[in-house]
Amino acid sequence: MDDENASCTHDSEEDAQLSLLDLPVEIFLHICSFLEASTLVHGLSLVCKQFYLILKDDSLWKARINHIWPDASYPLLRPG
């Protein structure tokens, strides 16, 4: 497949292989929990628009921080 035609959508029904795009978001995020934040931001989020939209969600990062540092508090700022 040419890079020009590559996208996050499946182009044909002949392609019966599963990909990360076929997983429910919750399972995709569980897999992401094993990766470093820099890998998510500088690598996986650049793969396609769907990954970017999933990984740019603030609630993902708040949950990740809460999981790593359960007693940490951080300011909750409203979007400007």
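Residues numbered from 1 in each chain as written. Predicted model: local features only at pLDDT ≥ 70, side-chain atom pairs only at ≥ 80, totals over all residues. Heavy atoms only, no water.

### What about the packing of aromatic side chains?
Move 1: What the rule picks out here adds up to 1 aromatic pair.
Move 2: Ring centres 4.8 Å apart and planes at 20 degrees place the aromatic pair Phe 28 and Phe 51 in the stacked group. Separated by 23 residues along the polypeptide, Phe 28 in helix 1 (residues 25-32) and Phe 51 in helix 3 (residues 49-55) bring together distant segments of the chain. (Phe/Tyr/Trp six-rings, centres within 6.5 Å; stacked < 30°, edge-to-face > 60°. Helix = DSSP H or I, 4+ residues; strand = E, 2+ residues; numbered from the N terminus.)

### Considerations on the nonpolar core
Move 1: Formed by Leu 21, Phe 28, Cys 32, Leu 40, Leu 44, Cys 48, Phe 51, Ile 54, Leu 55 and Leu 60, the largest nonpolar core amounts to 10 residues.
Move 2: For this core, the secondary-structure elements that each account for two or more residues are helix 1 and helix 3.
Move 3: With 3 residues, helix 3 is the largest single contributor of residues to this core. (Core = buried A, V, L, I, M, F, W, Y, C linked by side-chain atoms within 4.5 Å. Buried < 20%, exposed > 50% of the residue type's maximum accessible area, 1.4 Å probe, protein only.)

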